[in-house]
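Below, each chain spelled out in residue letters.
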Amino acid sequence: MQMFFKNDGEAIHVSQAPIHEEIVACQPYCLRILHIAMLAFNEVLTGKPWTAKLEQIAKEYGFATMLPQWQGPGDLHAQ
């Protein structure tokens with residue numbers, strides 16, 4: 001219930017949809033993570049059938065069109 005109202009000290013604002021006060025915009029972040037996962041999945045599919053669509057999505061949202069390249073075990077540790 002708390003997600004459907006906000007009290008700003010002067011009034012109580014009621015909403016038909018949940019009110020989200022996020023520090024990070026979750027939808028773009030989650031879309032980027034999903035896009036990276038689909039890039040990886042596309043790599044294992046015969047003929048990489050999703051390449052054109054993934055490139056179109058990358059262009060529209062400003063995402064990378066390729067997976068980060070693995071350099072070695074040092075990549076797992078923060079520099």
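The numbering scheme is per chain: residues are counted from 1 as the chain's sequence reads. In keeping with the predicted nature of the model, local features appear solely for residues at pLDDT of at least 70, side-chain atom pairs appear and are counted solely at 80 or more, and the whole-chain, interface and lining totals rest on all residues. Hydrogens and water molecules were not included; the side-chain quantities draw on all heavy atoms of the structure.

Moving on to the packing of aromatic side chains. Aromatic pairing here means that ring centres of Phe, Tyr or Trp (its six-membered ring) are within 6.5 Å. Orientation follows from the plane angle: under 30 degrees is stacked, over 60 is edge-to-face, and everything else is tilted. Summed over all chains, the structure comprises two aromatic pairs. Judged by centre distance (5.4 Å) and plane angle (50 degrees), the rings of Phe 41 and Trp 50 are tilted. Its relative accessible area of 41% is what places Phe 41 among the partly exposed residues. Ring centres 5.7 Å apart and planes at 20 degrees place the aromatic pair Tyr 61 and Phe 63 in the stacked group. Residue exposure (1.4 Å probe, protein chains only): buried if accessible area is under 20% of the type maximum, exposed if over 50%, otherwise partly exposed.

Turning to the environment of Ile 57, a few remarks are in order. Every helix listed is a DSSP run of H or I at least four residues long, and every strand listed is a run of E at least two residues long, numbered separately from the N terminus. For Ile 57, the location among the structural elements is in helix α2 (residues 51-61). Remark: the alpha-carbon pair of Ile 57 and His 35, spanning 22 residues in sequence, is separated by 8.2 Å.

Angles run from 0 to 180 degrees between N-to-C directions of axes, and those axes are lines fitted to C-alpha atoms, restricted for helices to the stretch in contact. Here helix α1 (residues 26-44) crosses α2 at 155 degrees, and the two axes come no closer than 10 Å. For the element pair α1 / α2, the angle class is roughly antiparallel. Both α1 and α2 take part in a crossing whose hand is left-handed. Of α2, the residues touching α1 (which contributes Leu 31, His 35, Met 38, Leu 39 and Asn 42) are Thr 51, Leu 54, Ile 57, Ala 58 and Tyr 61. Each residue receives one of three labels: charged for Asp, Glu, Lys and Arg, nonpolar for Ala, Val, Leu, Ile, Met, Phe, Trp, Tyr, Cys and Pro, and polar for the others, Gly being one of them. Its residues assigned to classes, the contact of α1 with α2 shows seven nonpolar, three polar and no charged. Roughly parallel means an angle under 35 degrees; roughly antiparallel, over 145; roughly perpendicular, 65 to 115; everything else is oblique. By the definition used in this description, the sense in which the near helix is turned from the far one sets the handedness, with an anticlockwise turn below a right angle giving left-handed and a clockwise turn giving right-handed. In this analysis, two residues are considered to be in contact whenever any of their non-hydrogen atoms come within 4.5 Å of each other.

Remember that the coordinates give geometry; whether it matters functionally is a separate question.
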